[in-house]
Amino acid sequence: MTTTTPAVPRLDHSVAEDRSAPDREELMSRDEVEALQLERLQWTLRHAYENVPMYTRKFDEAGVHPDDLKELDDLAKFPYTDKSDLRDNYPFDTFAVPMSQVRRVHASSGTTGKPTVVGYTEGDLASWATLVARCLRLSGVRPGDLLQNSYGYGLFTGGLGAHYGAERLGCTVVPMSGGQTETQIQLIHDFEPAAILCTPTYLLAIMDAMRGLGIDPRGTSLRTAVLGAEPWTYKMRQELEDGMGVNALDIYGLSEVMGPGVAGESCETKDGSHIWEDHFRPEIIDPLEPTRTRADGEDGELVFTSLTKVAMPVIRYRTHDLTHLMPGTARPGHRRMGALTVRNDDMIILRGVNLFPTQIEEIALTVPGLSPHFQLELTRPGRMDELTVKIERRQDATAEDGAAAARLLQKEIKTKIGSSVRVDVLEPHALPRSVGKLRRIYDNRQVRD
Ligand code: DLL
């Protein structure tokens, strides 16, 4: 392993004097961004190939060399990376620098198998903080704002990632982490934060708990909520904005690529998250036919190549997130991603029909009397799979309202998705609340021969 890695081209970690102003790369034109991408992509491929045996092997097997990248589209010649590559190289064999240069590791537990481990140099941590600061500023958070950070601290990238980004922007951070909902509410009342950072379903839980305590969720100091880490719909945005009296903006990211801050949304245009293309090169591929990349506007699986990461470069990392790319608006040099409401892994195939939890969310929120609190339970009572939507009725809805709502939801799901499902309407607060990423699907099918 070589220990002297040349510096990332044109990367500057200094903090601008005026932290409220966009940084230079954020404002670059599309041409400037693409020129920078090419330079950084060539650097990244070489860095990965020379310093991570996994990439040396993968590139050699595919018969490609970093020198083969002459233009951005040549990236399609290089092999993909998946979660399994990281697991196979557990814990640290995907790192491109000696451990003495790795300042921090994070890990995601996943649902099965070994955790996925990621590492950062000091420079990587600075880039990460810069990008989270960029997202927060674009969302309307300002230096000097007090901000309650309710993403979980620890191995999950949400808490610490958001924390250092907020400090870099010049905010005062309350490192609350997820959970202890009554304390969250107490601090919102006493400290009067301007912004809160958490998952959309946790904000929903906070809003509900406020109502339960007789507090008007619209009457707090909160103006902005920067939400992410799980799929959410425009209907959910509306529910939270109306209920809490905040501007709810999206922030996207994943640990393997960095953590929160890979993309963020503008409070002026509110039209999907801008991917920071000075640090990541996104592609959309056909998930079933990965040799085919897709044009902007076409749906498919999002794939990322890091452009500045030193400790753990990722080449064509498959996210399993399904979306499309659109031209930048608030920041024209950087493309936006479509609303990310579906992950490959969350797809339920019910008697041949594909269905995603967010489709249920979207429909349920149009049915009077139903709350956004629901779970999906899969069972196999006989030979056929059955899906039950367990959903709470709203506080102000009666049991009769609930029964009518159940019939309507069942009918709407049949019409809009094409699946017959069971609907159980539950009392308010019958389901557990999330403090971070919410688990929507409970698969209780017994595998039979
Ligand atoms: O969830 C990083 C993060 C923390 C992002 C806080 C935003 C805020 P992971 O635990 O590795 O990292 O999970 C990554 O979560 O592939 C998406 O499926 C999903 N996800 C993240 N942000 C969004 C979002 C963090 N804004 C996985 N909308 C990703 C929809 C999201 N899904």
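The chain is annotated in an unreviewed UniProt entry as Phenylacetate-coenzyme A ligase of Arsenicicoccus piscis. Under the heading Function (unreviewed entry), UniProt records this for the chain: "Catalyzes the activation of phenylacetic acid (PA) to phenylacetyl-CoA (PA-CoA)."

Attention now goes to helix α4 (residues 122-138). With 17 residues, α4 extends 24 Å between its outermost C-alpha atoms, agreeing within 8% with the 24 Å of an ideal straight helix rising 1.5 Å per residue. In terms of burial, α4 is largely enclosed, as 14 of its 17 residues are buried.

Another aspect to go through is the UniProt feature "domain: AMP-dependent ligase C-terminal" (unreviewed entry) in the chain. According to UniProt, the feature "domain: AMP-dependent ligase C-terminal" (unreviewed entry) maps to residues 352-445 in the numbering used here. For residues 352-445, the helix share is 28%, the strand share is 31%, and the end-to-end C-alpha distance is 16 Å.

Another point: the sheet that holds strand β12 (residues 300-306). The strands making up a sheet are joined through hydrogen bonds of the backbone, oriented either antiparallel or parallel. A sheet is described by the order of its strands in space; here five strands give the open sequence β11-β10-β12-β13-β16, paired in antiparallel fashion. Looking along the sheet, the strands with just one partner apiece sit at the ends: β11 (293-294) and β16 (342-343). The pairing of strand β10 (residues 280-285) with β11 spans two bridges and is antiparallel. Within β11, the position partnered with I284 by the bridge is R294.

Time to look at the nonpolar core. Counting residues in each nonpolar core, the largest one holds 66 residues, and the members touching the most others are L136, L147, Y252 and F304. By residue number, the principal contributor to this core is α4, which donates eight residues. Excluding residues that lie within four positions of it along the chain, Y252 makes contacts with G259, P260, G261, V262, A263, L302, F304, T319, D321, M337 and L340.

About the criteria used
- Residues numbered from 1 in each chain as written.
- Predicted model: local features only at pLDDT ≥ 70, side-chain atom pairs only at ≥ 80, totals over all residues.
- Heavy atoms only, no water.
- UniProt positions renumbered as here; feature names shortened; annotations may be inferred.
- Helix = DSSP H or I, 4+ residues; strand = E, 2+ residues; numbered from the N terminus.
- Expected span 1.5 Å × (residues − 1).
- Buried < 20%, exposed > 50% of the residue type's maximum accessible area, 1.4 Å probe, protein only.
- Pairing = 2+ DSSP bridges.
- Core = buried A, V, L, I, M, F, W, Y, C linked by side-chain atoms within 4.5 Å.
- Contact = heavy atoms within 4.5 Å.

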